[in-house]
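# Survey of secondary and tertiary structure
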Amino acid sequence: MPTTSSVSEVNTQRILPQAVLWDLDGTLIDTEPYWIAAEHTLVTAHGGSWSEEQAYALVGAALPDSARTLQAAGVNLGVREIIDHLTGEVIAGLRREIPWRPGALELLRANREAGIAQALVTMSERSIVDIIVAAMPEGLFDVTVAGDEVTAGKPNPTPYLRGLQLLSEKLGREFTAERCIGLEDSLPGITAASGAGLHAVLIPNATDPGAGQWRRVPTLAGVTPAELAGWLETAVA
């Protein structure tokens, strides 16, 4: 049986990820109930009906796509008006409480202490991103990518590719997608992370995309930087 010191030596010899790129809604914080409640209230206010199945189908999607779906459900507003309304409702919820997902904040801090670069890559707009980042300990993210700052949203890989680009520009070194980890909870998100070439890791939450070209873990609780390194070793072995 290995001693404590030998285990420590093995862990320090592991090559840590170059970066961890985080999804926000449902992965870092559990905002999905806020979004779903806002959608339901808006649709019913316009005389339509909104089921849980319809709501879960939008999890992880780009906001303009979600807005067009709500229009089809009877919301008589423009895409921008719908996005602004939903975003306002979610911001109000976040000002009351920020519901962190299990292990997420702890892993953010541990990665920072280990010197791993980190990016936030979300379909939420800048107004929401700024509230979340302001509520967190300073300096956990090197860069952030918001949904209103990219030309194509998830499941397109563009947001994650933009995150890698911003990391390279800010930190002055190249980031290889295969040596970076993307953490996601939804099918659009995990598809985007995988499509960008990241070591994509699914932590199911409101929805469960099932198996695919990604790693699947039940929770981030107790996950350490050394374990992230082990995931990469397994992927490239």
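Residues numbered from 1 in each chain as written. Predicted model: local features only at pLDDT ≥ 70, side-chain atom pairs only at ≥ 80, totals over all residues. Heavy atoms only, no water.

## Points about the overall build of the chain
The secondary structure content of the chain amounts to ten helices and six strands. Taking 18 Å as the expected radius of gyration for a compact globule of 237 residues, we find that the chain reaches 18 Å, a close match to that expectation. Seen through its principal axes, the chain has C-alpha atoms that stretch 65 × 40 × 35 Å. Of all 237 residues assigned to the chain, the portion counted as buried reaches 49%. The contacts of the chain with a sequence gap of at least 6 include a subset with a gap of at least 24, amounting to 66%. Total accessible area on the chain is roughly 10,800 Å²; 52% of this is exposed by carbon and sulfur atoms. (Helix = DSSP H or I, 4+ residues; strand = E, 2+ residues; numbered from the N terminus. Rg over C-alpha atoms; globule rule 2.2 N^0.38 Å. Buried < 20%, exposed > 50% of the residue type's maximum accessible area, 1.4 Å probe, protein only. Contact = heavy atoms within 4.5 Å. Areas by Shrake-Rupley, 256 points an atom, 1.4 Å probe, with all protein chains shown as cover.)

## Details of empty space enclosed by the protein
Left-over empty space is what a probe sized like a water molecule reveals as it rolls over the atoms. According to the stated counting rule, one finds one cavity of 30 Å³ or more in the structure shown. What lines the largest cavity is a set of 21 residues, among which Asp25, Trp35, Leu58, Gly60 and Ala61 lie closest to the centre. Elements represented by at least two residues in the lining of the largest cavity include exactly α2 (32-45) and α4 (63-72). The element best represented in the lining of the largest cavity is α2, accounting for three residues. Taken together, the residues of the lining of the largest cavity break down into eight nonpolar, six polar and seven charged. (1 Å grid on protein atoms, 1.4 Å probe; cavity = no way out; pocket = protein on both sides within 12 Å on 5 of 7 lines; lining within 4 Å. Points joined across faces, edges and corners; volume = space filled by probe spheres on them. Nonpolar A, V, L, I, M, F, W, Y, C, P; charged D, E, K, R; others polar.)

## With respect to helix α6 (residues 104-114)
Inspection of α6 places Ala104, Leu105, Leu107, Leu108 and Asn111 among the buried residues, and these make up the whole buried set. Here the buried residues of α6 occupy an arc of 165° about the axis, which is enough to place them on one side. Exposed side chains of α6 directed beyond 90 degrees from the buried face belong to Glu106 and Glu113. Gly115, located one to two residues past α6, shows a positive phi value of around 85°. (Arc of directions from axis to C-beta.)

## A look at the pattern of salt bridges
Under the counting rule described, the total for this entry stands at nine salt bridges. A salt bridge links Arg80 to Glu125, with the shortest nitrogen-to-oxygen separation between them at 2.6 Å. Separated by 45 residues along the polypeptide, Arg80 in helix α5 (residues 79-96) and Glu125 in the loop between β2 (117-121) and α7 (126-135) bring together distant segments of the chain. Exposure remark for Arg80: the relative accessible area of 42% places this residue in the partly exposed category. Note that Asp208 and Arg216 form a salt bridge whose closest N and O atoms lie 2.6 Å from each other. (Salt bridge = Lys/Arg side-chain N within 4 Å of Asp/Glu carboxyl O.)

## As for α5
Count 3.6 residues to each turn of an α-helix, and residues three or four apart come out pointing the same way. With 18 residues, α5 ought to run about 26 Å at 1.5 Å a step, and its terminal C-alpha atoms sit 26 Å apart, in line with that. Inspection of α5 places Ile82, Ile83, Leu86, Thr87, Val90, Ile91, Gly93 and Leu94 among the buried residues, and these make up the whole buried set. Viewed along the axis of α5, the buried residues span an arc of 160°, placing them on a single side of the element. Residues of α5 that are exposed and point more than 90 degrees away from the buried face comprise Arg95 and Arg96. Looking at the buried residues of α5, the elements they touch are α2, α4 and α7. (Expected span 1.5 Å × (residues − 1).)

## So, unusual backbone geometry
Going from Lys154 to Pro155, the amide bond is cis rather than trans, its omega being 15°. Mapped onto the secondary structure, Pro155 falls in the loop between β3 (143-145) and α8 (158-171).

## So, the nonpolar core
Trp22, Leu28, Leu94 and Leu183 are the most contacted members of the largest nonpolar core, which totals 50 residues. Breaking this core down by element, the ones donating at least two residues are β1 (19-22), α2, α4, α5, α6, α7, β4 (180-184) and α10 (225-236). Of all hydrophobic cores here, the second largest spans 25 residues; its members include Ala119, Tyr160, Cys180 and Leu202. (Core = buried A, V, L, I, M, F, W, Y, C linked by side-chain atoms within 4.5 Å.)

## Points about the packing of α2 against α5
Where α2 meets α5, the axes come as close as 9 Å, and the angle between the chain directions of the two elements is 135°. By the angle between their directions, the pair α2 and α5 is classed as oblique. The crossing of α2 and α5 is right-handed. Contacts from Tyr34, Trp35, Ala38, Glu39 and Leu42 in α2 reach Ile82, His85, Leu86, Thr87, Glu89, Val90, Gly93 and Leu94 in α5. Of the residues belonging to the contact of α2 with α5, the class tally is eight nonpolar, three polar and two charged. (Axes fitted to C-alpha atoms, helices over the stretch in contact; angles between N-to-C directions. Parallel < 35°, antiparallel > 145°, perpendicular 65-115°, else oblique. Left-handed = near helix turned anticlockwise from the far one by under 90°.)

## Brief notes about the confidence of the model for the chain
Per-residue pLDDT for the chain averages 91, and the proportion of residues at 70 or more is 94%. Low pLDDT (under 50) marks residues 1-12, which in the prediction has two contacts with non-local residues, meaning those over four places away or in another chain. (pLDDT = per-residue confidence, 0-100.)

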